[in-house]
Amino acid sequence: MPEITTAHYVMLSAALFSIGTIGVLTRRNVVIILMSIELILNAVNINLVAFSNQLMNMSGQAFAVFVIVDAAAEAAVGLGIIIALFRNKETVNADEIDLMKW
Amino acid sequence: MNEYFSPIDFLVLKPVILLTLFGIGVMLTDLFLDQQHKYMNAVTALVGLAFAAVQLWLIQSEMAAQGVAQIEAFRGAVVLDRFAIYFSWIFLISSAIAILIAIRYLEIEQEHHGEHYAIMLFAAVGMMVLVMGMDLVTLFIALELMVLSVYILTGFLRRDRRSNEAALKYLLLGAFSSGILAYGMSLLYGMSGSTNLNVIADSLAARPAGDPLVLIAITAIAAGLFFKVGAVPFHQWLPDAYEGAPTSVTAFMSVGPKAASFAFLLRMFLVPLGSAREEWLPLLVGVSIATMTLGNLAAISQSNVKRLLAYSAISHAGYLLLGLVSGNETGMKGIAIYFLVYTFMNMGAFAVIVALRRRDLIGDEIDDMAGLMYKCPTAAVLMLIFLLSLAGIPPTAGFLGKYFIFLSLIETGHITLAVIAVLYVAVALYYYFRIVAVMFMREPVDQEKLSFSPGIRIALGVTAAMTILIGLYPEPFIQFAGSTVLSILR
C-alpha cells in the first residue's frame, strides 16, 4: 500500500479548488454558485490541515476552524440575500438577474 | 494577567472593543425605539465612534510621548503602528460621515432600522483590525467581518430589486475572491509553517527566485486582493454594487472598505511578498494601466451618477496602485494622503446625491441634476468642488494625492506610466465636467426646493471644508501621512 503523503492532499485540494472555480464561472444557478464557493473554502481547509500535519504546527488547524466559521457566516448571509431577491423576483438564475448593465 | 494575555493586548484593542460594544448596544436599544425615534440609533453609533476616536487619540499621544513606533499585541498577531492608526482615523471619519448621511436617506426609503448602524460599526471593527493584523488568521477574519457587513448593507433595501441584485452580485464575487485569497494564504502557510506575516516574509526570502509555489501563492493572493480593491480584470462587481446599494452605503463602501482593502493589499505586498517584488511588479504595472484605462473610458458613457462615480473609483484604484509600483517613500506617502483626501471628496459627492433624494425622485441620474445651480446654488457649488477635487485640480485637495503619486513615479524612473496617468486625468476631467455642465448649463426640470437634514448639513460642511483646507494648507496632513510611511516600508 503506497502511503498518502502531503503532496496527495495538496493535489486533492488543487483539484477541489479547480472544480469550485469552474463551478462559479460556468453554473447559472446562484445556489450552486454558492456551493461552488464552499468547495473552494474546503480546498483551503484541506490544504491547511495537510500542511499543519506535515509541519507539526497547530496554527493551520486553528486557521481551518476559522475558515469553516467564515464559510457558515457567508452561507447564512448569502442565502438571506438570495431569499430577499427571490421574494421580489422569482428566479435564482444568474442570467435573469440583469437589472443593471453597462 | 496570565501567559496568554497581557494588559497591552487590551489597550491596543480598546477602540475596537468599544465599537463592538456600541454596535451590540445599538441593536439592543433599537428594540425599545418606535419609528419616530430611530435616529437615536444613529446618535448612539456616533457616540460609539467618538469614544473609539478618543481612545485612539489617547493611544496615539501616549505612543508619541514615549517615542514608540509600534505596539505588538497577542504575540505579534496584532500590531498597532502609525500606519494602522492613520488608517483607523480614516475609517472612523468615513463611518461617522456615512452615518450622518444615512439618517434621512433611510427614512425616505422607509427602511430605517437600527441594524444598519450596528452593522456599520461592525464593519468599522473589521476594517480597524484589518489594518492592525499581522497574522493570516486575524487578517482573514477581519476581512470577512468587513465584507460580510458590507454585503448586508448593500442589500439593506429589502424591497428594492436593484439593492437585492447588487448585494447578490457583490456577495457571489466577493465570496469567490475571499476563497481565492484564502487559498493563497494556505499556500503561504504551507511554505513557511507560520501564519505570522514577518515569519512568512523571512521564509519566502530564503526560497529560490522563480519558485513555482511562490508564483501560485502570489497569483492567488493578488487576484483576491485585486477583487477587493476593484482593479481590472476583477472589477465587474463594483459598478453594480455601487449603483444598487443605498446611496449612503455606496458612500461608505467607496471609502472605508476600499481604504481597508488597499491597506491590506499594501501590507501583503510589502511584508510577506516583499522579497518577491521582481515577480509581482510586471503584474501590478499591467493591472494598474488596465484599471486606469477601463475606469476612465467606461465612465465617459455613463448616465447614472452613482455608476459614473463607481467607474471613477475604479480609475482611482488604478492611480493608487501606481503608488505601490514606485514603492518608495513618496509613493507610500501619496497613497496615504490620497485616501485621506478621497474620504472627504468622494463622500461629499455622494452626500450631494443623497440630498437630491426625495420620495418621488431617486436623484442618481445625471439628468436629475439639471439646473441644480438655479434650484440650489449651495449644492451645485459643493458638487463642483468635490468633482474638481476628484479630477485633481489645484487648489482642491485631490491635487495633492495625485501629485505625490506622479512624483514618486518620476523619482523611480517610470516616466511612461506617469505620462499615461496624467493623460487619463484629462479624460477624467471630461466626464466629471459632464455633470458640471448639466448642473450649470441646463434648465431645471422642476422647481422643488432641496431640503437638507441636519446630518447632511454637517456631512457636507465637514467634507467641503476639509477638501478645501487640505488643498490650501496641506503641510500638517502631509506630515501626518509621511510619518506612517516608515512603519509599512521594511
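**Quick word on unusual backbone geometry**
All names here are of chain B.
Moving on, step 1. A cis amide bond, omega 5°, links Val232 with the succeeding residue Pro233.
Moving on, step 2. Along the chain, Pro233 turns up in the loop between α8 (212-229) and α9 (237-244).
Moving on, step 3. In the segment running from Pro394 into Pro395, the intervening peptide bond is cis, with an omega of 10°.
Moving on, step 4. Inspection of the secondary structure puts Pro395 in the loop between α15 (377-391) and α16 (398-411).
Moving on, step 5. Although it is not a glycine, Phe74 adopts a positive phi angle of roughly 50°.
Moving on, step 6. Relative to the elements of secondary structure, Phe74 occurs in the loop between β1 (70-73) and β2 (78-81).
Moving on, step 7. Judged by relative accessible area, Phe74 falls into the partly exposed class, the value being 26%.

**Quick word on the pattern of salt bridges**
Residues and elements named next belong to chain B.
Moving on, step 1. Under the criterion given, the structure shown has 14 salt bridges over all chains.
Moving on, step 2. Between Glu111 and Arg159 there is a salt bridge, with the nearest N and O atoms lying 3.3 Å from each other. Here Arg159 lies in the loop between α5 (136-154) and α6 (161-192) and Glu111 lies in the loop between α3 (82-109) and α4 (115-132), a separation of 48 residues in the sequence.
Moving on, step 3. One connected set of salt bridges, linked through shared partners, spans Arg162, Glu165, Lys169, Asp240, Glu243, Arg307 and Asp364.

**Brief notes about the confidence of the model for chain B**
Moving on, step 1. Across chain B, the average pLDDT comes to 91, with 99% of residues at 70 or higher.
Moving on, step 2. ipTM for the predicted complex: 0.95, alongside a pTM of 0.94.

**Some points on the interface of chain B and chain A**
Moving on, step 1. Counting from both sides, the interface comprises 42 residues of chain B and, opposite them, 41 residues of chain A.
Moving on, step 2. Interface area for chain B against chain A, summed over the two sides, is near 3,700 Å², with a carbon-plus-sulfur share of 76%.
Moving on, step 3. Remark: the boundary between chain B and chain A carries zero salt bridges.
Moving on, step 4. Looking at the side of chain B that touches chain A, the elements with two or more residues in it are α5, α6, α9 and α12 (305-326) of chain B.
Moving on, step 5. Broken down by element, the side of chain B that touches chain A gets its largest block of residues, 22 residues, from α6(B).
Moving on, step 6. Class assignment of the residues belonging to the side of chain B that touches chain A gives a composition of 22 nonpolar, nine polar and eleven charged.

**Observations concerning the packing of helix α10 (residues 247-270) of chain B against helix α13 (residues 329-356) of chain B**
All names here are of chain B.
Moving on, step 1. Viewed as axis vectors pointing N to C, α10 and α13 meet at an angle of 165°, and their least axial separation amounts to 8 Å. One element, α10, and the other, α13, form an angle in the roughly antiparallel class. Crossing geometry of α10 relative to α13 is assigned as right-handed. On α13, the residues that touch Thr247, Ser248, Thr250, Ala251, Phe252, Ser254, Val255, Lys258, Ala259, Phe262, Leu266 and Leu270 of α10 are Met332, Ile335, Phe339, Tyr342, Thr343, Asn346, Met347, Phe350, Ile353 and Val354.
Moving on, step 2. Each residue belonging to the contact of α10 with α13 can be placed in one class, and the counts come to 15 nonpolar, six polar and one charged.

**Digging into the nonpolar core**
Moving on, step 1. Ranked by internal contacts, the top residues of the largest apolar core, which has 230 residues, are Phe87(B) and Leu188(B).
Moving on, step 2. Of the residues forming this core, the biggest block, 20 residues, is contributed by α13(B).

**Observations regarding the packing of helix α1 (residues 6-26) of chain A against α6(B)**
Moving on, step 1. Their axes nearest at 11 Å, the elements α1(A) and α6(B) cross at an angle of 165°. Looking at the two axes, α1(A) sits roughly antiparallel to α6(B). The way α1(A) lies across α6(B) gives a crossing that is left-handed. For the pair formed by α1(A) and α6(B), the contact residues are Ser13(A), Ala14(A), Phe17(A), Thr21(A), Val24(A) and Leu25(A) on the first element and Phe176(B), Gly179(B), Ile180(B) and Tyr183(B) on the second.

**Section: the packing of aromatic side chains**
All names here are of chain B.
Moving on, step 1. Considering all chains together, one arrives at 21 aromatic pairs over all chains under this definition.
Moving on, step 2. For the pair Phe339 and Tyr342, a centre-to-centre distance of 6.5 Å together with 85° between the ring planes defines the contact as edge-to-face. You can see Phe339 and its partner Tyr342 sitting in helix α13, three residues apart, about one turn around the helix.
Moving on, step 3. What links up through ring pairs into an aromatic cluster is the set Phe83, Tyr86, Phe87, Phe91, Phe262, Tyr338, Phe339, Tyr342 and Phe480.

The rules we used
Residues numbered from 1 in each chain as written. Chains lettered and ligands numbered in written order. Predicted model: local features only at pLDDT ≥ 70, side-chain atom pairs only at ≥ 80, totals over all residues. Heavy atoms only, no water. Helix = DSSP H or I, 4+ residues; strand = E, 2+ residues; numbered from the N terminus. Buried < 20%, exposed > 50% of the residue type's maximum accessible area, 1.4 Å probe, protein only. Salt bridge = Lys/Arg side-chain N within 4 Å of Asp/Glu carboxyl O. pLDDT = per-residue confidence, 0-100. Contact = heavy atoms within 4.5 Å. Buried area = accessible area lost by both parts, 1.4 Å probe. Nonpolar A, V, L, I, M, F, W, Y, C, P; charged D, E, K, R; others polar. Axes fitted to C-alpha atoms, helices over the stretch in contact; angles between N-to-C directions. Parallel < 35°, antiparallel > 145°, perpendicular 65-115°, else oblique. Left-handed = near helix turned anticlockwise from the far one by under 90°. Core = buried A, V, L, I, M, F, W, Y, C linked by side-chain atoms within 4.5 Å. Phe/Tyr/Trp six-rings, centres within 6.5 Å; stacked < 30°, edge-to-face > 60°.

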